[in-house]
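Structural characterization, general
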Amino acid sequence: MRTQFIHQFSYTPYAETGGRVVSIQSPATVANMVCGFDVLGFAVTDPYDEMHIRFTDTPGVTIVNLDAYDLPTQPEQNVAGAALLAMLDEVAEPIGLEVSIFKHIKPGSGVGSSAASAAGAVVAANRLFNDRFSKSDLVRFAMNGEKVASGVKHADNIAPCIYGGVTLIRSIFPLDIVELSAPPLYVTLVHPQIEVRTADARGILKQQVLLKDAIRQWGNIAGLVAGLLQGDYALIGRSLEDVLIEPVRSILIPGFADIKQQSREAGALGGGISGSGPSIFMLSKDEATAKDVEAAMHGIYEKLGLDHHTYVTTINHQGVKFIN
Ligand code: HSE
């Protein structure tokens, strides 16, 4: 079922909820944070998806698309649907859920579009179930959505989307999520209007790494975590280096090297590929610098004649937000 850009809801009240509709905003996220492939991620304030969920008397999951992306409405093939089915499996009652999704985060942009849908769906549904599940349970359910999107269960978008802030996924099986504090940081995002499928961006990665590269990488991850906890901007900047993934993936992103170099020249602490790309993010200490970085990004993509969107935003410490 698909309706187009309708932003009004008229629901029939259902006895189970007193007709309750839970509405949320589910934020975009930046996975990897340059050196922390599959283990680090943070949520941003902008952009975010809007979702609404209610019980229905049709057992199972019904997906209603309110945007123009024409995403699958078969629950097993839809990231929000797969996450909700995993949740309903544990509820083990013949319950029906209908989720309406208005995506502002473009699929395939590298800022956690699939995670926003999957995480938003289970957080909203959990409210209907009177918060019966823990955040860690919700991450576990939502990872089923990531499996649909990329073939692999990873939590570095899902966890920050649900917990807010910066999260470290120390382990996936079993789940061990560590919330990290961070000093004030501004985030500049640029999304060149090309699509990179996460599955493809994972498929080109090397399966073996050299010990010397691994040593450099875990030095950077540890440095970044220490920099965040201590509020040490210089250490954060030095640690935003990726010797394993970026050299392979950056070839998929036009202008990547120039954006990195000119963003640093404009005063950014550093940055790199957002998730599996093609979006690129840069961190700055203050908003004025983040805007200078945005101008540098514009300049590069205008020169290349490449359509692009930018955001100047902040780290979102709340994660999924209830709007009713
Ligand atoms: N860690 C994942 C990857 C994030 O880089 O493939 C995908 O958004």
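Residues numbered from 1 in each chain as written. Predicted model: local features only at pLDDT ≥ 70, side-chain atom pairs only at ≥ 80, totals over all residues. Heavy atoms only, no water.

Notes on the nonpolar core
- Ile53, Leu84, Met87, Leu97, Val122, Phe129 and Ile162 are the most contacted members of the largest nonpolar core, which totals 44 residues.
- Contributions of two or more residues to this core are made by strand 1 (22-31), strand 2 (40-56), strand 3 (60-65), helix 1 (79-91), strand 4 (96-102), helix 2 (113-128), helix 3 (135-150) and helix 4 (158-163).
- The biggest single contributor to this core is helix 2, with 9 residues.
- One finds Leu40, Ala116, Leu180 and Ile236 within the second-largest nonpolar core, a separate group that totals 28 residues. (Core = buried A, V, L, I, M, F, W, Y, C linked by side-chain atoms within 4.5 Å. Buried < 20%, exposed > 50% of the residue type's maximum accessible area, 1.4 Å probe, protein only. Helix = DSSP H or I, 4+ residues; strand = E, 2+ residues; numbered from the N terminus.)

Some words on empty space enclosed by the protein
- By the definition in use, this model includes 1 cavity of 30 Å³ or more.
- Considered as a void within the structure, the largest cavity measures approximately 70 Å³ in volume.
- Around the largest cavity, the lining residues are Asn32, Val34, Asp242, Ile245, Glu246, Arg249, Gly272, Ile273 and Gly275.
- Counting only elements with at least two residues in the lining of the largest cavity, the list comes to helix 8 (246-249) and strand 8 (270-273).
- Partitioned by chemical class, the residues of the lining of the largest cavity number 3 nonpolar, 3 polar and 3 charged. (1 Å grid on protein atoms, 1.4 Å probe; cavity = no way out; pocket = protein on both sides within 12 Å on 5 of 7 lines; lining within 4 Å. Points joined across faces, edges and corners; volume = space filled by probe spheres on them. Nonpolar A, V, L, I, M, F, W, Y, C, P; charged D, E, K, R; others polar.)

Here's the deal with a nonpolar patch on the surface
- A cluster of nonpolar residues, Ile204, Ile251 and Leu252, forms a patch on the protein surface that exposes about 280 Å² of accessible area.
- Relative to the helices and strands, Ile204 resides in the loop between helix 5 (198-203) and helix 6 (211-230). (Patch = residues over 30% accessible without salt bridge, like charges linked within 9 Å, V, L, I, M, F, W, Y side chains within 5 Å. Areas by Shrake-Rupley, 256 points an atom, 1.4 Å probe, with all protein chains shown as cover. Salt bridge = Lys/Arg side-chain N within 4 Å of Asp/Glu carboxyl O.)

As for the sheet that holds strand 10 (residues 308-314)
- The strand order across the open sheet built from 4 strands is 8-9-7-10, with neighbouring strands paired in antiparallel fashion. The open sheet is flanked by strand 8 and strand 10, the only strands paired with a single partner. Sheet twist, expressed as the mean angle between neighbouring strand axes with direction ignored, is 15 degrees.
- Note that strand 7 (residues 186-192) and strand 9 (residues 280-284) share 5 bridges and pair antiparallel. (Pairing = 2+ DSSP bridges. Axes fitted to C-alpha atoms, helices over the stretch in contact; angles between N-to-C directions.)

As for the domain arrangement of the protein
- Assigned domains within the protein: domain 1 (20-181 + 317-322) and domain 2 (186-314).
- On a C-alpha basis, the centroid separation for the pair domain 1 and domain 2 is 24 Å.
- Contacts between the two partners involve 29 residues from domain 1 and, on the opposite side, 38 residues from domain 2.
- Around 2500 Å² of area is buried between domain 1 and domain 2 when both sides are counted, 65% of it from carbon and sulfur atoms.
- Broken down residue by residue, the surface that domain 1 buries against domain 2 is led by Val34, Cys35 and Phe37, which jointly contribute 26%.
- Counting across the domain 1 and domain 2 interface gives 1 salt bridge.
- One salt bridge in this structure joins Asp38 and Arg202, with 2.7 Å as the shortest N-O distance.
- Here domain 1 is connected to domain 2 by 10 residue pairs in polar contact (both at pLDDT 80 or more).
- Of all elements in the fold, only strand 1 and strand 2 reach the threshold of two or more residues within the side of domain 1 that touches domain 2. (Domains from an automatic or database assignment. Contact = heavy atoms within 4.5 Å. Buried area = accessible area lost by both parts, 1.4 Å probe. Polar contact = N/O pair within 3.5 Å; in protein donor to acceptor, adjacent residues only side chain to side chain.)

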